[in-house]
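# Coordinate inspection notes
So you can see what is in the structure, the chains are spelled out below.
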Amino acid sequence: MNYNFDEIVNRRGTYSLKWDGADMIKAFGITERFDEDTIPLFTADMDLPVPQPLVEALHKTVDHRIFGYSVFPEEYYQAIQGWFKKRYDWDIKKEEIVYSPGTVHALNVAVKAFTQPGDGVIIQRPVYPPFTGAIEGNGRVVVNNALKVDDTGYYSIDFEDFEEKAKEEHTKMFILCNPHNPTGRIFREEELKRLAEICYRHDVIVVADEIHGDLIRKNQTFVPMATVAEQTGHILTLTAINKTFNTAGLHCTNVIIEDPDRMATFATEMGMQLGSPFTIAALIAVYTEGEEWLDQLLEYIDGTMEFVKNFFAEHMPEVKVRIPEGTYVMWLDFSGYNLPPEEIHDRIYNKANVVLEDGSMFGEEGAQYQRICIPSPRPLIKEAVERIAREFEDISRKKQA
């Protein structure tokens, strides 16, 4: 079937963090203004309807009328195995899969299971803020292998710095984000091999957050680290349906761990976790019948990203915009305005009444950046960027004069 992603579905009054969570959003310090006219584009979920097979599977679950404790049937594991075999030629064994109610939860479990207080954990800033929370919130130490960026906005890994930090005695873990959030880099096979080899040689556990792996641009290729590394026993891979199929509220992450001893350690730290019948039905539905929807979604996101890039090039050329290789977020560089980050924030969040995410939340490397999540109906994205452009017109006019 054909999906109309331009349709605007009103999410207000549906318990949506993105649209109804004004108090929480203000408490987090994301924005000072949030009202009925706000356009929130800060959180990584979609304002787009899910695949019809998923809707039908959830209706069937509701119609049963009993929502008790649930077990994971064979179909659950087979759906995961089938998806990753077909798309990534990855043979995953059932005993290598463990469920988690969320990716951030799984990160915290991994940090507690495989490191001790005071140990160092490598991350690559600018990066998803909960990585820092999972490390510092558990009494561990952030070891920052900052990504390098060139004049075109392309990010790359500083491998010399990475190895120097990996070989330090207190460094015990590396959290990889691939595709990288917020820069959108998809790390290449040779990069992944090199990272994995360095970590193996220095006895560093790798936690590979690959939950954006299905969300890639046309003509790009994503490969899971565990499918290309020569040694894989030190790699834990986090996968999820929540980004791919807009099911964040159904809490479904799966962790792939090849080494049996590390699986046992992780599972013990995780404790017993039971998925809801809705979670189980959702995963089976999307991994067996969701590809047609995903293909249409990716084409739509590609179009929206082209629109955003072209809009800024025409109306706000001071903003550097690069279409990411993966994810559905865009990383906007406002440094061309030579404004303090606080003023950039005020013009976007308070005056334009559009809520993005300040780049400083991803590390000091992002001080002049804003992250925008674009999987919303294109008319909504158009209104948001037009509002932002109006608030920077005075500076643009002065530069043109």
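As shown above, the structure is provided for reference.
Reference entry: report on the structure contained in this document. (Residues numbered from 1 in each chain as written. Predicted model: local features only at pLDDT ≥ 70, side-chain atom pairs only at ≥ 80, totals over all residues. Heavy atoms only, no water.)

## Observations regarding the overall build of the protein
- Within the protein, the regular secondary structure consists of 15 helices and 14 strands.
- Against the compact-globule benchmark of 21 Å for 401 residues, the protein has a radius of gyration of 21 Å, which places it among compact chains.
- Counting only C-alpha atoms and orienting by the principal axes, one finds that the protein spans roughly 65 × 55 × 40 Å.
- For the protein, restricting intrachain contacts to residue pairs at least 6 apart in sequence, the fraction spanning at least 24 positions comes to 74%.
- The distance from the centre of the 41 positive side-chain charges to the centre of the 65 negative ones in the protein is 2 Å. (Helix = DSSP H or I, 4+ residues; strand = E, 2+ residues; numbered from the N terminus. Rg over C-alpha atoms; globule rule 2.2 N^0.38 Å. Contact = heavy atoms within 4.5 Å. Lys, Arg positive; Asp, Glu negative; His and termini not counted. Charge placed at Lys NZ, Arg CZ, Asp CG, Glu CD.)

## Considering the side chain of Q370
- Tracing the sequence through the fold places Q370 in strand β14 (residues 369-373).
- Once residues within four sequence positions are removed from consideration, Q370 is found in contact with M330, W331, L332, F334, I344, I348, Y349, L356, E357, D358 and G359.

## A few points about empty space enclosed by the protein
- All chains considered together, the criterion is met by two cavities of 30 Å³ or more.
- Lining the largest cavity we find F84, Y88, E210, I211, H212, G213, D214, F222, T239, A240 and T244.
- Listing elements by their share of the lining of the largest cavity, those giving two or more residues are α4 (74-88) and β9 (235-240).
- Of the residues in the lining of the largest cavity, the class split is five nonpolar, four polar and two charged.
- Its boundaries defined by the atoms lining it, the second largest cavity holds a volume of some 50 Å³.
- Every residue along the wall of the second largest cavity is listed here: G153, Y154, Y155, T183, G184, R185, R322, I323, P324 and E325. (1 Å grid on protein atoms, 1.4 Å probe; cavity = no way out; pocket = protein on both sides within 12 Å on 5 of 7 lines; lining within 4 Å. Points joined across faces, edges and corners; volume = space filled by probe spheres on them. Nonpolar A, V, L, I, M, F, W, Y, C, P; charged D, E, K, R; others polar.)

## So, the sheet that holds strand β11 (residues 329-333)
- On the basis of which strands lie adjacent, the open sheet formed by three strands has the order β11-β14-β13 and antiparallel pairing. Either end of the sheet is taken by a strand with one partner, and the two such strands are β11 and β13 (357-358).
- Note: β11 against β14, five bridges, orientation antiparallel. Within β14, the residue paired with V329 across the bridge is C373. (Pairing = 2+ DSSP bridges.)

## Brief notes about a nonpolar patch on the surface
- Taken together, the side chains of L17, M24 and F28 present a nonpolar region at the surface, about 310 Å² in accessible area.
- Its place among the elements puts F28 in the loop between α2 (22-27) and β1 (39-40).
- Judged by its relative accessible area of 56%, F28 falls in the exposed class. (Patch = residues over 30% accessible without salt bridge, like charges linked within 9 Å, V, L, I, M, F, W, Y side chains within 5 Å. Areas by Shrake-Rupley, 256 points an atom, 1.4 Å probe, with all protein chains shown as cover. Salt bridge = Lys/Arg side-chain N within 4 Å of Asp/Glu carboxyl O. Buried < 20%, exposed > 50% of the residue type's maximum accessible area, 1.4 Å probe, protein only.)

## A look at the sheet that holds β9
- Pairing is mixed in the open sheet, where seven strands are placed in the order β2-β10-β9-β8-β7-β3-β4. With one partner strand each, in any of the chains shown, β2 (97-100) and β4 (141-144) form the two edges of the open sheet. This sheet shows a mean twist of 25 degrees between the axes of neighbouring strands, independent of strand direction.
- Sheet analysis places strand β8 (residues 205-209) next to β9, joined by four bridges and oriented parallel. In the sheet register, D209 faces β9, and the bridge partner there is L238. (Axes fitted to C-alpha atoms, helices over the stretch in contact; angles between N-to-C directions.)

None of the figures reported here should be taken as evidence of function without further support.
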